[in-house]
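# Tertiary structure, described
Each chain, written out:
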Amino acid sequence: GGGVAALVAGPVVGARAGGASGAAKGFGMGLAGAVALPVIGVFGAVGQIVQGAVNTPKAIMATSEGKEWDPVTQSWILYSLAAERDLLLSQAAEDELQEWISEQKRLAKEDDDDNNDDEQPQKKKQVQNTELYDILEIEPIATDAQIKKAYYKKALHNHPDKNKNDPQAATKFQKISRAYEVLSDPISRQRYDESGDADEAPESQIDPKVFFNMIFGSEKFERYVGELQMASLIKHDEDHQVDAVEADFIQRKRTCQLAVTLADELLASYVHDSPIKDYFEQNTDDDSSMSDDRSSKSAQNQAKEAAFRAYIATEIATELVATPFGSTLVRVIAYVYDTVATKYLGGVRGAALRFSDTAHKAGKRLDVASSATKVFSRARKATKAAAKSDAKSDELPIDEDDDADFCIVSDDHADWKVTFYKDRAAASAAFKKLSYSFASVLFAKEGISVITPNSTTSENKFPSADIGESRRWVPAKSYGTKSSVDTIKRLVESIGDNDISEIALTEAAARDREAEMTNSVLEAAWRVTVIDVETTLRESCSKLLRDKSVSEDIRKKRAKALKIVADVFKKKADESGHSKVFSELLRQQAFFNIPGNAEPPSPTDEI
């Protein structure tokens, strides 16, 4: 619990929250700090094992009686979901939490007052335009934390998923996201404050709705995964730092609520043999339902399970997989449901899962470490590319030669060179003399052959274009690594009908690097979300199956119901088609127009 909370908190604290690209460095730093937690946790676990060995006789006796260790009461107890529900989900518990928060705020304010006695009151900030501040309902002197909180609250309230009857909801959400994008980035905010023109800040290529859902979670999933810890942490007041006591209570309350929802709502019709009428009637034969023989009873049970499956598929899974990245998150939920239930029921597969699931959890931690490294690396590359782009923009552009039919584009370690040629022989001769230390591509205007009369090579001859048509540059020859050559080709293609120039290529390269960084931040955010969801669901499902306030028969039925839900979820996710083309899904749903995104985590990796 605590390790995952810190894992999630790291990116929140570290991030600058300037959209995906603005948050990259901070996000990477937060992740890097969090990655160490599992290692620390291993040594902590060793200490617990030693302590457990000392208390072995008492532990053996307690566990043989079906008891478990309660860290809150520091005693062995028979766990009861009903008792924990009455304790954690009561109004009294909420009142006690609010009293704790108020007291912490009071103490923090006293410390601040003691430290700020000599400070002058903050002056009102003068800006050219307050429109973006007004959208978020904050003052121009707002801090970064206040901007984050305002964005979260406004975006959550105006999210299109919550306002389907409002035709302006998408537009409002877009404006809120744009205001957040500009004001959360220090450079963009300074430009806006000085000029009053938001258009001077470059627009993000990421779909704000998808970004919000990936970081903070879709409202449609909250019933099944709870409020993501990242959302829970970011919405608190700036003057209130969530401490370990509060974070632990919130997480325990979250897991308890999810367990109660599973027991009382999602699984209840199957566990208590009370199938939903409409679905049961669709799967029952009237003649056999009146009989009392064994075959009829078996048919009744099959009909009940079929009705339960139909209910889960129609009422729940279909809606969830339709959300951005919904099918992939559904598979994550299905994995946990199936794993926890199968291990509880035992058998050969249950025993095998105990080992494979341990490896799975370790793999998720390594995924976060890999993501952190990738964010760091791509953030550095994007920063360098942006600096070169700014430097190049001050140079006078060299216009493309309208009469040239050939050009050579070289990437000398991100130092772009472009040379134009009218003559095929001159272009070919120049290409042969290029240094082998960097990648180069020879382009020809569409319809121009690069094959000399005596050539025996397999170089392409391109189809001719109609006279008067604008002819595109087509790659003819290349030298260098495949990735470097592909980058040159992609950047030239992205420039489109614009003139190829060193300035245009440098700017395109900067956009490309930022796109890669954006992709890596999204991937990192997703991996953190997966760990948060998996850890939370493991605990909530465990509560469901450890619940000694119900019979063992009920607990077994709960486990079987979890496995059925998992099976339905997996099938629905596969039927949606999303899980099989996840990388394309990311491009379609997360970005407006970003070329060359690195492939995100595959669904098979995630589950």
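## A short note on the overall build of the protein chain
Helix and strand content of the protein chain: 26 helices and six strands. Scored against the burial criterion, the 607 residues of the protein chain give a buried share of 45%. Considering only intrachain contacts with a sequence separation of at least 6, the fraction spanning at least 24 residues in the protein chain is 73%. When the accessible area of the protein chain is evaluated, it comes to approximately 31600 Å², of which 51% is carbon and sulfur surface.

## Re the pairing of strand β4 (residues 416-421)
Note: strand β3 (residues 406-411) against β4, six bridges, orientation antiparallel. Looking at the pairing, V409 lines up with V418 of β4. Between the antiparallel neighbours β3 and β4 lie four residues, among them H413 with a positive phi of about 55°.

## Some words on the packing of aromatic side chains
Here the distance between the centres and the angle between the planes together describe a pair of aromatic rings. Counted by the stated rule, this structure contains six aromatic pairs. Judged by centre distance (6.2 Å) and plane angle (45°), the rings of Y133 and Y192 are tilted. With a gap of 59 residues between them, Y133 in helix α7 (residues 131-136) and Y192 in helix α10 (residues 186-195) connect regions that are remote in the sequence. You'll find Y133 and Y192 in the same group, each marked buried. Geometrically, the ring pair formed by Y151 and Y180 is stacked, given 3.7 Å between the ring centres and 10° between the ring planes. With Y151 in helix α8 (residues 144-157) and Y180 in helix α9 (residues 169-183), the pair connects residues that are 29 residues apart, well separated along the chain. Across the pair, Y180 and Y151 agree in class, each one buried. The ring centre of W473 lies 4.7 Å from the NZ or CZ of K445, which sits over that ring. In this structure, R546 is placed above the aromatic ring of Y79, and the distance from its NZ or CZ to the ring centre is 4.8 Å.

## What about a positive patch on the surface?
A grouping of R380, K381, K384 and K388 is seen on the molecular surface, where their side chains present a positively charged patch. Mapped onto the elements, K384 comes out in helix α20 (residues 347-393). For K384, a relative accessible area of 60% corresponds to the exposed category.

## So, the sheet that holds strand β5 (residues 439-445)
Ordered in space as β4-β3-β5-β6, the four strands form an open sheet in which the pairing is antiparallel. Edge strands, defined here as strands with exactly one partner in the open sheet, are β4 and β6 (473-479). With direction set aside, neighbouring strand axes in the sheet form an average angle of 20°. Against the sheet, helix α23 (residues 502-546) makes contact with β3 and β4, and its axis sits at roughly 140° relative to β4, the strand it touches most.

## Overview of the packing of helix α5 (residues 81-88) against helix α14 (residues 244-266)
The relative placement of two packed helices comes down to the angle between their axes together with the axis-to-axis distance. Contact pair α5 / α14: the axes reach a minimum separation of 10 Å and the direction vectors enclose 130°. Taken together, α5 and α14 sit at an angle that is classed as oblique. Pair α5 / α14 crosses with left-handed handedness. Listed contacts from α14 to L81, E84, R85 and L88 of α5 are F249, R252, K253, C256, A259, V260, A263 and D264. When grouped by side-chain class, the residues that make up the contact of α5 with α14 number seven nonpolar, no polar and five charged.

## Considerations on the nonpolar core
In terms of nonpolar packing, the biggest core is built from 59 residues, with L267, I312, Y337, L562 and F569 touching the most fellow members. Dropping the residues within four chain positions of it, L562 is found in contact with L262, L267, Y337, A341, C541, L544 and L545. Formed by 20 residues, the second largest nonpolar core is a distinct cluster that contains V441, L491, I500 and A509.

## Observations regarding the environment of F569
Residue placement: F569 occurs in helix α24 (residues 552-576). Along the backbone, F569 and Y335 are 234 residues apart, and their C-alpha atoms lie at a distance of 9.4 Å. In this structure, F569 is in contact with I312, I316, A317, L320, V330, I333 and A334, ignoring residues within four places of it in sequence.

## As for the pattern of salt bridges
All chains considered together, the criterion is met by 30 salt bridges. When the shortest N-O distance is used, the salt bridge between K543 and E84 registers 2.9 Å. Of the two residues, K543 sits in helix α23 while E84 sits in helix α5, which places them 459 residues apart along the sequence. Owing to a relative accessible area of 4%, K543 belongs among the buried residues under this scheme. Its salt-bridge partner being E534, residue R538 comes within 3.6 Å of it at the nearest N-O pair. Residue R538 and its partner E534 are located together in helix α23, separated by four residues, close to a single helical turn. When sorted by exposure, R538 lands in the same class as E534, which is buried. Put simply, E84, R252, E539, K543 and R546 are held in one network by salt bridges that share partners.

## Points about the environment of L329
Tracing the sequence through the fold places L329 in helix α19 (residues 326-345). For L329, a relative accessible area of 11% gives the class buried.

Calculation criteria
- Residues numbered from 1 in each chain as written.
- Predicted model: local features only at pLDDT ≥ 70, side-chain atom pairs only at ≥ 80, totals over all residues.
- Heavy atoms only, no water.
- Helix = DSSP H or I, 4+ residues; strand = E, 2+ residues; numbered from the N terminus.
- Buried < 20%, exposed > 50% of the residue type's maximum accessible area, 1.4 Å probe, protein only.
- Contact = heavy atoms within 4.5 Å.
- Areas by Shrake-Rupley, 256 points an atom, 1.4 Å probe, with all protein chains shown as cover.
- Pairing = 2+ DSSP bridges.
- Phe/Tyr/Trp six-rings, centres within 6.5 Å; stacked < 30°, edge-to-face > 60°.
- Lys NZ or Arg CZ within 6 Å of the ring centre and 35° of its normal.
- Patch = residues over 30% accessible without salt bridge, like charges linked within 9 Å, V, L, I, M, F, W, Y side chains within 5 Å.
- Salt bridge = Lys/Arg side-chain N within 4 Å of Asp/Glu carboxyl O.
- Lys, Arg positive; Asp, Glu negative; His and termini not counted.
- Charge placed at Lys NZ, Arg CZ, Asp CG, Glu CD.
- Axes fitted to C-alpha atoms, helices over the stretch in contact; angles between N-to-C directions.
- Parallel < 35°, antiparallel > 145°, perpendicular 65-115°, else oblique.
- Left-handed = near helix turned anticlockwise from the far one by under 90°.
- Nonpolar A, V, L, I, M, F, W, Y, C, P; charged D, E, K, R; others polar.
- Core = buried A, V, L, I, M, F, W, Y, C linked by side-chain atoms within 4.5 Å.

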